[in-house]
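# Reading the structure
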Amino acid sequence: MRKPLLIANWKMYIDSPQEAKSFVASLKRTLKKNSGVEVWIAPPAVFVSELGKAAKGSGIKVGVQTVSAYEEGARTGELAAAAARAAGAQFAIVGHSERRAMGEGSEQAQKSLANAARTGLAPVLCVGERAREDDGSHFAFIEEQLRSALKGAQSLASRLVVAYEPVWAIGKTAQDALTPQELEEMVIFIRKVLAEILGRKDALKIKILYGGSVEGANTARLLHEGGVSGFLVGHASAKFDEFKEIIDACQV
Ligand code: PGA
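Here's a quick rundown of the structure. (Residues numbered from 1 in each chain as written. Predicted model: local features only at pLDDT ≥ 70, side-chain atom pairs only at ≥ 80, totals over all residues. Heavy atoms only, no water.)

### Thoughts on the pattern of salt bridges
Evaluation of the coordinates by the stated rule reveals 13 salt bridges. Here E50 and K21 are joined by a salt bridge, their closest N and O atoms 2.9 Å apart. One end of the pair, E50, is in helix α2 (residues 48-55); the other, K21, is in helix α1 (residues 17-33), with 29 residues separating them in the sequence. Under the relative-accessibility criterion, K21 is labelled partly exposed at 38%. E196 is paired through a salt bridge with R147; the nearest N and O atoms lie 2.5 Å apart. With E196 in helix α7 (residues 180-198) and R147 in helix α6 (residues 137-149), this pair connects stretches of sequence that are 49 residues apart. Beyond isolated ion pairs, a larger network of salt bridges with shared partners links E143, R147, K192 and E196. (Salt bridge = Lys/Arg side-chain N within 4 Å of Asp/Glu carboxyl O. Helix = DSSP H or I, 4+ residues; strand = E, 2+ residues; numbered from the N terminus. Buried < 20%, exposed > 50% of the residue type's maximum accessible area, 1.4 Å probe, protein only.)

In structure tokens form, the structure reads like this:
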């Protein structure tokens, strides 16, 4: 089995460069002793350059929480994928539900993903239903999110990561997360859809992560019984001690 991948999505939780750097220093010490996981960090974009330097040689990758659907031009406040790459970012989260809730649609997710991939950033595509329906229609919803975001992107498969994040489970506590059985079912479904879009061989290589209230308490079960390759962690990734609990739980 490959090392589980943990992506820390700091959102707007950390706003001091000192705190960000001290987190990375602690993380490096932890990973030296305990190299059974791979860790990527998505800090606020202004910290990417500094943290990229701090993480050099440690295997920790630094990336951005979003990139613009536009490539360049008069777009005040947007973050171009090329600029993120030049600042040292190695990956970009795209289509996060919190961006979608602010008005980004599937077309933007598709364009952001294509821009990220074109500039050499590994795209981390987030998909997730707002609510679970008894008739199972959330499966069709996830399929549509995958198909629209990956339109024309068949060649990007090698670096793609997919994060399944049911919106109803984000930002709560371990008790509110999905059960491992529900997760396993969804992971199989996502892999089947990826195989239809990208071909079976490439689809098998893609890491499928889970996100939504991952904490130290539910990590081991979700990892071992949920069939995922790792996690996209929000609130519990912004405090080092809590994140370390998740790293430790991946080892058992
Ligand atoms: P959460 O967030 O871990 O706080 O639920 C996950 C995410 O939004 O990526």
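More follows now that the structure is in view.
### Observations regarding the sheet that holds strand β6 (residues 161-164)
Reading across the sheet, the eight strands line up as β3-β2-β1-β8-β7-β6-β5-β4 and stay open at both edges, with parallel pairing between neighbours. Looking at strand neighbours, the two that pair on one side only are β3 (61-62) and β4 (91-94), the edges of this open sheet. Each of β1 (5-9), β2 (38-42) and β8 (230-233) touches helix α10 (residues 240-249); the most contacted strand, β1, lies at about 165° to it. (Pairing = 2+ DSSP bridges. Contact = heavy atoms within 4.5 Å. Axes fitted to C-alpha atoms, helices over the stretch in contact; angles between N-to-C directions.)

### Re the packing of aromatic side chains
All told, the structure shown has six aromatic pairs when counted by the stated rule. Taking 6.0 Å as the distance between ring centres and 40° as the angle between the ring planes, the aromatic pair formed by F23 and F243 counts as tilted. Of this pair, F23 sits in helix α1 while F243 sits in helix α10, and the two are 220 residues apart along the sequence. Look at F23 and you get buried, because its relative accessible area is 4%. (Phe/Tyr/Trp six-rings, centres within 6.5 Å; stacked < 30°, edge-to-face > 60°.)

### A look at the site of the ligand
Near the ligand you find N9, K11, H96, E165, I170, G171, G212, S213, L232, V233, G234 and H235, and these make up its full shell. At 3.4 Å from an oxygen atom of the ligand is found a side-chain nitrogen or oxygen belonging to N9. Grouping the amino acids of the shell around the ligand by side-chain chemistry returns three nonpolar, seven polar and two charged. (Near = heavy atom within 4 Å. Polar contact = N/O pair within 3.5 Å; in protein donor to acceptor, adjacent residues only side chain to side chain. Nonpolar A, V, L, I, M, F, W, Y, C, P; charged D, E, K, R; others polar.)

### Overview of the side chain of Q145
Inspection of the secondary structure assignment puts Q145 in helix α6. At 2.8 Å, the side chain of Q145 and the backbone nitrogen of G128 are in polar contact. The residues touching Q145, leaving out its near neighbours within four places in the chain, are R100, V127 and G128.

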